[in-house]
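Summary of the model geometry
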Amino acid sequence: MTRFFKFLATIAVTGFLSGCNLVVMQPSGDIARQQRDLIVVSTLLMLLIILPVIFLTLFFAWKYRESNTDASYRPDWHHSTRLEVLIWSAPLAIIIALGAVTWASTHQLDPYRPLARLDAARQLPPNEKVMTVQVVALDWKWLFFYPELGIATVNELAAPVDVPISFKLTASSVMNTFYVPALAGMIYTMPGMQTRLHAVINREGSFDGFSANYSGDGFSRMRFTFLGMRRDGFDAWVEKVRQQGKSLDRATYLELERPSKRDPVRYFGAVEKGLYDRILNLCVAEGKICMNEVMHRDLHGPGEAPAVDKSQLEYDNRHSSSGRPGATFPASGKPAHSHDEIRREGPSATHAPAEPSEPGSGHHQPQTTSPPTEQGD
């Protein structure tokens with residue numbers, strides 16, 4: 001028995017040591033801290049039922065063991081009103097309490113809801129300026145716009161301490177998830193759509209951010225650094241981005257959008273006006289009609305607007321038309337295809353358009369597609 005308890009103690013100590021960096025339970029932002037509290041309260045409420053059930057299960061197994069001849073034996077027993085009331089009332093009370101806490105927290109921690117406080121001890125001042133950050137999930141990197149500062153970065157996000165942040169998030173190709181555990185909960189990003197997140201960082205430091213939704217071959221390396229800084233440090237960081245950064249225009253973005261892995265941090269000291277809105281509306285490439293304009297036409301009719309060519313409305317096949325691989329390449333071994341390409345090449349077409357292997361022969365050799373670029377170590 002002593003050896004058994006030593007074994008349990010060793011497992012418990014190992015478990016605690018393996019989770020020394022419990023960032024979710026030791027967050028640095030007020031929203032993440034409130035979510036931590038919700039996790040703790042919910043866990044304790046559930047333990048009020050789980051622990052007694054576990055104890056009684058072990059107790060009954062020990063008390064009514066075969067070797068215990070002193071235990072009462074009542075084969076005709078079948079009902080106890082007091083026991084039924086206890087069994088059903090206790091879980092019902094826990095469910096009611098848990099539901100009330102969850103309902104209130106769901107509204108209070110709504111990611112679309114602007115912040116009302118900086119932390120538990122400080123309310124948000126009435127005229128406090130909110131910093132806006134526009135986030136684009138690319139394959140497989142993160143692009144951050146600072147519209148008020150006119151700069152952009154790749155795989156590095158910074159914010160001053162105790163300054164509310166309003167995130168506007170979208171994606172370039174597939175659905176993704178933006179997650180900085182120390183800052184706030186995860187929020188989805190989707191192409192052609194915009195989600196919102198409000199948060200604040202209350203402590204200086206360097207924190208991990210990453211994608212929490214599988215999005216293809218480079219998903220595991222789709223990480224970035226979030227820097228919490230004092231105001232003077234943040235101003236110095238902004239100046240460094242402006243001095244070291246290049247210009248980000250539509251042509252540069254189309255190159256940046258190409259799938260790649262392990263991208264280094266990049267700075268852009270100047271950003272073309274309206275670029276984020278074009279990314280959101282899937283009209284960065286020349287000749288594409290923005291989705292908001294398409295929806296406006298659907299609502300009010302084309303009016304005097306010129307006729308629209310079908311190719312101007314195609315968004316999902318842009319990688320295939322440029323010879324770029326899809327998000328799951330090379331795992332699937334197949335580049336992205338449009339419906340027109342499939343109909344034109346036949347249902348058996350699984351590669352890019354083929355070329356004859358020899359002039360005059362009827363045999364075709366599949367065209368190969370280069371894998372995503374991989375940068376860094």
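Residues numbered from 1 in each chain as written. Predicted model: local features only at pLDDT ≥ 70, side-chain atom pairs only at ≥ 80, totals over all residues. Heavy atoms only, no water.

**Thoughts on the nonpolar core**
This is how the line gets drawn: Among buried residues, the Ala, Val, Leu, Ile, Met, Phe, Trp, Tyr and Cys ones that are joined through side-chain atoms within 4.5 Å form a nonpolar core. With a 1.4 Å probe rolled over the protein chains alone, any residue whose accessible area is under 20% of its type maximum counts as buried; one over 50% counts as exposed, and the rest are partly exposed. Under the scheme used here, helices are H or I runs from DSSP no shorter than 4 residues and strands are E runs no shorter than 2 residues, and both carry numbers assigned from the N terminus.
Counting 42 residues, the largest nonpolar core has Y146, F167, F178, F226 and W237 as the members making the most contacts within it. Of all the elements in the fold, those that place two or more residues in this core are β3 (131–138), β4 (141–146), β6 (156–160), β7 (165–171), β10 (195–199), β12 (223–229) and α4 (231–244).

**Description of the UniProt feature "transmembrane region" (unreviewed entry) in the chain**
Test applied: UniProt positions are given in the numbering used here, feature names are shortened, and annotations may be inferred rather than shown by experiment.
UniProt annotation of "transmembrane region" (unreviewed entry) refers to residues 38–62 and 83–104 when read in the numbering used here. Overall, residues 83–104 shows 100% helix and 0% strand. The separation of its end C-alpha atoms is 32 Å.

**Side note on the sheet that holds β10**
The condition is simple: Note: two strands are recorded as paired if DSSP finds a minimum of 2 bridges between them. Under this scheme, a helix contributes an axis fitted over its contacting stretch, all axes are lines through C-alpha atoms, and angles between N-to-C directions fall in the 0 to 180 degree range.
Read across the open sheet, the seven strands follow the order β10-β7-β3-β4-β5-β15-β13; overall the sheet is mixed. Because the sheet does not close on itself, it has two edges, and the strands there are β10 and β13 (246–248). Averaged over all neighbouring strand pairs, the angle between strand axes comes to 30°, with direction disregarded. Of the pairings in the sheet, the one linking strand β5 (residues 151–154) to strand β15 (residues 266–271) comprises three bridges and is antiparallel in character. Residue V154 lies in a different strand from β15, and its bridge partner there is R266.

**Looking at the pattern of salt bridges**
Put simply, the rule is: Throughout this description, the term salt bridge denotes a Lys or Arg side-chain nitrogen within 4 Å of a carboxyl oxygen of Asp or Glu.
In the structure shown here, the tally under the stated rule is 11 salt bridges. D30 serves as the salt-bridge partner of R117, at 2.9 Å between the closest nitrogen and oxygen. Here the residue R117 occupies a position in strand β1 (residues 117–119), and D30 occupies one in helix α2 (residues 30–63), the gap between them amounting to 87 residues. Here E204 and R230 are joined by a salt bridge, their closest N and O atoms 2.9 Å apart. In this pair, E204 sits in the loop between β10 and β11 (205–211) while R230 sits in the loop between β12 and α4, placing the two residues 26 residues apart along the sequence. Overlapping salt bridges, with partners in common, bring together D30, R33 and R117 in one network.

**Concerning the sheet that holds strand β9 (residues 187–189)**
Strand order in the open sheet formed by five strands is β6-β12-β11-β8-β9, and the pairing between neighbours is mixed. Only two strands of the sheet have a single partner each, and these edge strands are β6 and β9. Between one strand axis and the next, the sheet turns through 25° on average, direction left out of account. The pairing of strand β8 (residues 176–179) with β9 spans three bridges and is antiparallel. Bridge pairing in β9 places N176 opposite T189.

**Notes on the state of the cysteines**
The line we're drawing: Sulfur atoms of two cysteines make up a disulfide when they are within 2.5 Å.
Throughout the structure, instances matching the rule amount to one disulfide. Sulfur-sulfur distance for the disulfide between C283 and C290 comes to 2.0 Å. Disulfide C283 to C290: torsion about the S-S bond roughly 80°, handedness right-handed. The pair C283 / C290 is uniform in exposure class, with both members buried.

**Looking at the side chain of T153**
Note the cut-off: Two N or O atoms count as a polar contact when they lie within 3.5 Å, although within protein this holds only if one can serve as hydrogen donor and the other as acceptor, and sequence-adjacent residues are included solely when both atoms are side-chain atoms. Whether two residues are in contact is decided by their heavy atoms: any pair within 4.5 Å suffices.
Take T153: it is sitting in strand β5. Polar contacts involving the side chain of T153 include one to the main-chain carbonyl oxygen of E156, which spans 2.5 Å. Excluding its chain neighbours within four sequence positions, the residues that come into contact with T153 are W142, L143, F144, Y146, W237, V241, R266 and Y267.

**Observations regarding the pairing of β11**
Summarising the sheet, β8 and β11 pair through two bridges and their orientation is antiparallel. Looking at β11, one finds that Y179 is bridged to F210. Summarising the sheet, β11 and β12 pair through six bridges and their orientation is antiparallel. Looking at the pairing, G209 lines up with F224 of β12.

**Considerations on the pairing of β6**
With five of five residues buried, β6 lies mostly within the body of the structure. Here β6 shows no split at all, with E156, A158 and P160 on one side and L157 and A159 on the other all buried. Alignment of β6 against β12, held across five bridges, turns out to be parallel. In the strand pairing of β12, A158 is matched with L227.

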